[in-house]
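What follows is each chain in one-letter form.
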Amino acid sequence: MGGAAVVTHRLMEALRRQGVDARMIVFSPSTDDTDYVSTYSTNFRRGIKFLTERAVIYANNGFNRENLFKVSIANVGMPLHKHPWVKETDIVALNWINQGTLSLKEIERISKMGKPIVWTMHDMWCMTGICHHAFECERYAGNCGNCRFLGCRKENDLSRITWNKKKKLYNRIPIHWVPVSNWLADRCRASSLLGNQDITVIHNAFPTESFFTHPTVPADQLGIPAGHDLILFGAARIDDPIKGINYAIDALNYIFDNNPSLANKTTAVLFGNIRDRSILDRLRFNYIYLGRVTDSLQLRQLYASAKVVLSTSLYETLPGTLIEGQAAGCLPVTFGTGGQKDIIDHLSNGYISVYKDYEDVARGIEWALSRDVDREKLHDSVNERFGATNIACRYIDLFNKLLSK
């Protein structure tokens, strides 16, 4: 479950289609692929590990629940080196190891079995002391300490202690790092932990062939208005502060106030969980809130019906909604603080707005709505850059390179 799990499962399936005997070991399976997806241990045992790690963090952050899940320390985990698949494998590919899954010590045990390790990075955790995203903080270029998420204002805090453990681990064992965007790779090179490590950028794999560029069902069956241009805004939780929904609301309201002719023929379609529905009360622009969309076919129909996919996330490693939108022929409008520049060529296949400037977001939306897009051509370009087959082949090349050593 979760974004990293979804893209990892896609990669595994793409590798298998290319003849690689790829398998996943997980804690919470949501698939019947038991021949090549294995659970390890029990929810109870994992829960004990999970609580142990969180207890240490909680005791070190001043008992602050707000920041409890913004950091991880990998101090405990399951003995994965005992799993028969790990014993048999040629290469171990790590994707998400936190919250009681693997400890730093366990990763060293796996390496000492003679297994090359490829670690795909879905956030910044590997290069920081403890945080999954450093935001504006640049202390990861040094040796962390005085961590904003701990609030204790000590140099030798839990972030510095964990940074030292990572430094020792990375010096002792070889790991090949795979950031999923060039933005993340740049952060790696600027970091003290990964600046001199082996790095290869490989994007996440997307099932681009499953996206179509024109809807195949009427608008009323999707719960959207017919005859309107659509702007999509979606996330797992759309009012998560990192998703920056207030900038989207301000931009849409700006269009409503200053370009009423455009606003009157356009509807914003919002989807995803929301904790505080009242946040939408000040949105004057025409909108529909669909809630959480779990049907992948319905989601593809929405993308195919829309002209614009909007994201005002403050930070994104490689935003999947923008790639999926392009695969269906939508033009993305977004900030550029993350992997967006791997997806968008500004004013060609999307619009990168000035950071935290809602008026420029509005200009981007107006630009995108005015374009006459060759949706099939846009789909094909996404398939070339992010299609699962091409991404799987890049991983296979990397695996062969490591095995040849």
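Residue numbers run consecutively from 1 along every chain, following the written order of its sequence. Two thresholds apply to this predicted model, a pLDDT of at least 70 for residue-level local features and 80 or more for giving and counting side-chain atom pairs, whereas whole-chain, interface and lining totals are computed over all residues. Note that water and hydrogens are dropped before the side-chain values are worked out from all heavy atoms of the structure.

S.K.: For this particular structure, what's the right way to read the pairing of strand β5 (residues 175-179)?
M.R.: Sheet faces and side chains relate simply in a regular strand, where the side chains alternate between the two faces. Think of it in three bands: residues with accessible area under 20% of the maximum for their type are buried, residues over 50% are exposed, and the middle band is partly exposed, with areas taken using a 1.4 Å probe on protein chains only. For the purposes of this entry, the term helix denotes a DSSP run of H or I that reaches at least four residues, the term strand denotes a run of E that reaches at least two, and both are numbered from the N terminus. Across the five residues of β5, five count as buried, placing the element largely inside the fold. With burial as the criterion, each face of β5 is covered, one bearing I175, W177 and P179 and the other bearing H176 and V178. The rule for pairing is simple: two strands pair if DSSP sees at least two bridges between them. Pairing between strand β4 (residues 117-121) and β5: five bridges, direction parallel. Its bridge partner being in β5, T120 is matched across the sheet by V178. Read as a crossover between parallel neighbours, the route from β4 over helix α5 (residues 158-172) to β5 is right-handed. Where β5 and strand β6 (residues 198-199) come together, two bridges link them in parallel fashion. Looking at β6, one finds that W177 is bridged to I199. Handedness is read with the strands pointing away from the viewer; a crossover is right-handed when the path from the first strand over the helix to the second is clockwise.

S.K.: Would you take a moment to explain a negative patch on the surface for this structure?
M.R.: Any residue with relative accessible area above 30% and no salt bridge may belong to a patch, with like charges joined within 9 Å and the nonpolar Val, Leu, Ile, Met, Phe, Trp and Tyr side chains within 5 Å. Here, Shrake-Rupley sampling with a 1.4 Å probe gives the accessible areas, and only protein chains in the shown set may cover a residue. Any carboxyl oxygen of Asp or Glu within 4 Å of a side-chain nitrogen of Lys or Arg constitutes a salt bridge here. A residue counts as positive if it is Lys or Arg and as negative if it is Asp or Glu; His and the chain ends are not included. By convention, the charge on Lys lies at NZ, on Arg at CZ, on Asp at CG and on Glu at CD. A contiguous patch of negative charge, built from D372, D374, E376, D380 and E384, is present on the exposed surface. With respect to the helices, strands and loops of the structure, D374 is situated in the loop between α12 (358-370) and α13 (375-386). Relative accessible area serves as the criterion here: at 48%, D374 is assigned to the partly exposed category.

S.K.: Is there a simple way to think about the sheet that holds strand β11 (residues 331-335) in this case?
M.R.: Across a sheet, strands are paired by hydrogen bonds formed along the backbone, either parallel or antiparallel in direction. If you trace the six strands from one edge of the open sheet to the other, you get β9-β8-β7-β10-β11-β12, paired in parallel fashion. Both outer strands of the open sheet, β9 (287-289) and β12 (351-353), are each paired with one neighbouring strand and no more. The average angle at which neighbouring strand axes cross in this sheet is 20°, direction not considered. Contact definition: two residues touch when any of their heavy atoms are within 4.5 Å. For every element, the axis is a line fit to its C-alpha atoms; helices are fit only across the contacting stretch, and the angle between N-to-C directions ranges from 0 to 180 degrees. Lying on the sheet, helix α11 (residues 320-327) is in contact with β7 (229-237), β10 (308-311) and β11; it crosses β10 at an angle near 175°.

S.K.: Please clarify how the side chain of R300 should be interpreted in this entry.
M.R.: Along the chain, R300 falls in helix α10 (residues 296-305). Put simply, R300 is tucked away with no salt bridge, and the nearest opposite charge, on D295, sits 6.5 Å away. Not counting residues up to four positions away in its chain, the partners in contact with R300 are S210, F211 and F212.

S.K.: When you look at the packing of helix α4 (residues 104-112) against α5 in this model, what are you seeing that I'm missing?
M.R.: The interhelical angle for the contact between α4 and α5, taken along N-to-C directions, is 5°, at an axis separation of 10 Å. If you check the angle between α4 and α5, you find them roughly parallel. Residues L104, I107 and E108 of α4 lie in contact with α5, whose contacting residues are K165, K166, L169 and R172. Under the grouping applied here, Gly and all other residues not named as nonpolar or charged are polar, the nonpolar ones being Ala, Val, Leu, Ile, Met, Phe, Trp, Tyr, Cys and Pro and the charged ones Asp, Glu, Lys and Arg. In terms of residue class, the contact of α4 with α5 is made up of three nonpolar, no polar and four charged. For classification purposes, angles smaller than 35 degrees are called roughly parallel, those larger than 145 roughly antiparallel, those between 65 and 115 roughly perpendicular, and all remaining angles oblique.

S.K.: So what exactly am I meant to see when it comes to the pattern of salt bridges here?
M.R.: Scanning all chains against the criterion turns up 17 salt bridges. Measuring nitrogen to oxygen at the nearest pair gives 2.9 Å for the salt bridge that ties D239 to R237. Overall, the relative accessible area of 9% leaves D239 in the buried class. Using a relative accessible area of 23% as the deciding quantity, one classes R237 as partly exposed. A network of salt bridges, in which partner residues are shared, links R16, D21, R23 and E88.

S.K.: What exactly am I supposed to notice about the nonpolar core here?
M.R.: If you look at the biggest cluster of nonpolar residues, it comprises 44 residues, and the most contacted ones within it are I107, W119 and L194. Within the residue set of this core, elements represented by two or more residues are β3 (92-94), α4, β4, α5, β5 and α6 (182-190). With sequence-adjacent residues up to four places away left out, W119 is seen in contact with L94, N95, I97, I107, W125, C126, I175, H176, W177 and V178. The term nonpolar core refers to a set of buried residues drawn from Ala, Val, Leu, Ile, Met, Phe, Trp, Tyr and Cys, joined through side-chain atoms within 4.5 Å. Counting 32 residues, the second largest nonpolar core, distinct from the first, contains L262, F285, L331 and F335.

S.K.: How should the packing of aromatic side chains be read in this particular structure?
M.R.: Two aromatic rings are characterised by how far apart their centres lie and by the angle between their planes. Planes of paired rings set the category: under 30 degrees apart is stacked, over 60 is edge-to-face and the rest tilted, where pairs are Phe, Tyr or Trp rings (Trp by its six-membered ring) whose centres lie within 6.5 Å. Tallied over the entire structure, the rule returns 15 aromatic pairs. Judged by centre distance (5.1 Å) and plane angle (25°), the ring pair of W119 and W177 falls under stacked. One end of the pair, W119, is in strand β4; the other, W177, is in strand β5, and 58 residues separate them in sequence. Through successive ring pairs, a cluster of aromatic residues spans F135, F149, Y247, Y315, F335 and Y355. We note R23 situated over the ring of W85; from NZ or CZ to the ring centre the distance is 5.0 Å. If you follow K166 out to its NZ or CZ, it ends over the ring of W125, 3.4 Å from the centre. For a lysine, the NZ atom is tested; for an arginine, the CZ atom; a charge sits over a ring if that atom is within 6 Å of the ring centre and within 35 degrees of the ring normal.

S.K.: Any chance you could explain the environment of R292 here in plain terms?
M.R.: Considering the arrangement of structural elements, one finds R292 in the loop between β9 and α10. Considering only alpha carbons, one finds R292 and N273, 19 residues apart in sequence, at a separation of 5.2 Å. Those residues in contact with R292 that sit more than four places away from it in its chain are G272 and N273.

S.K.: Any chance you could explain unusual backbone geometry here in plain terms?
M.R.: Unusually for a residue other than glycine, A74 sits at a positive phi of about 50°. Position of A74 relative to the elements: it lies in the loop between α2 (43-60) and α3 (84-88). In this model, K356 sits at a positive phi of 60°, which is unusual for a non-glycine residue. In this fold, K356 is placed in the loop between β12 and α12. In this structure K356 comes out as partly exposed when scored by relative accessible area, which is 36%.

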